[in-house]
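# Inside the fold
Spelled out from the first residue to the last, the chains are:
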Amino acid sequence: MRQTNLPKTGYLRLENIIGSHKKEIPPIIPVGRTTWLMGVKNGIYPKPVKLSERTIAWRVEDVLALIEELNSQ
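All values reported here derive from a predicted model rather than from experimental measurement. Position labels on residues start from 1 in each chain and follow its written sequence. Only residues with pLDDT of at least 70 get local features here, since the model is predicted, and only at 80 or more are side-chain atom pairs given and counted; chain-wide, interface and lining totals rely on the full set of residues. As a convention, hydrogens and water are excluded, and side-chain values are obtained from all of the structure's heavy atoms.

### Topic: unusual backbone geometry
For the record, the criterion: Where helices and strands are cited, they refer to DSSP runs of H or I of at least four residues and of E of at least two residues respectively, numbered from the N terminus. Think of it in three bands: with a 1.4 Å probe and only protein chains considered, a residue is buried below 20% of the maximum accessible area for its type, exposed above 50%, and partly exposed in between.
Of note, the phi angle at E24 is positive, near 55°, even though the residue is not glycine. By the secondary structure assignment, E24 is in the loop between α1 (14-18) and α2 (33-41). Residue class for E24 comes out exposed when judged on its relative accessible area of 71%.

### Focus: the pattern of salt bridges
Selection criterion: What counts as a salt bridge is simple: a side-chain nitrogen of Lys or Arg found within 4 Å of a carboxyl oxygen of Asp or Glu.
A full pass over the atoms with the stated rule returns two salt bridges. Between K23 and E15 there is a salt bridge, with the nearest N and O atoms lying 3.0 Å from each other. For R59, the salt bridge is made with D62, and the minimal N-O distance between the two is 3.9 Å. We classify R59 as partly exposed; its relative accessible area is 36%. A residue is classified by how much of its surface remains accessible, and D62, at 29% relative accessible area, is partly exposed.

### Digging into the nonpolar core
Here is the rule: To form a nonpolar core, buried Ala, Val, Leu, Ile, Met, Phe, Trp, Tyr and Cys residues must be joined to one another through side-chain atoms within 4.5 Å. Residues are treated as being in contact if the distance between any of their heavy atoms lies within 4.5 Å.
Core analysis: the largest hydrophobic core is formed by 14 residues, its most contacted members being L12, I17, I29, W36, W58 and V63. Contributing elements (two or more residues each) for this core: α1, α2 and α3 (60-72). It is α3 that contributes the most residues to this core, four residues altogether. If we ignore the near neighbours within four places in the chain, the residues touching I17 are L12, P27, I28, I29, W36, W58 and V63.

As far as function goes, none of this settles anything; it's purely spatial.
Here it is as structure tokens:
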């Protein structure tokens, strides 16, 4: 996992977490989309927050806690 300069609060879209080759966004957590979504379903990764009818995101605090947990293993 790369070092991040994430804010302490806010929201991250999926492409900001797992990266995007098209948009040249490096991953914070280098897993694929399907792996991430299955991890969310299985309780491994944090649950998303629905921001609008078609928009979901993850709390920065939850992603930072996940990174801390993964780094301590």
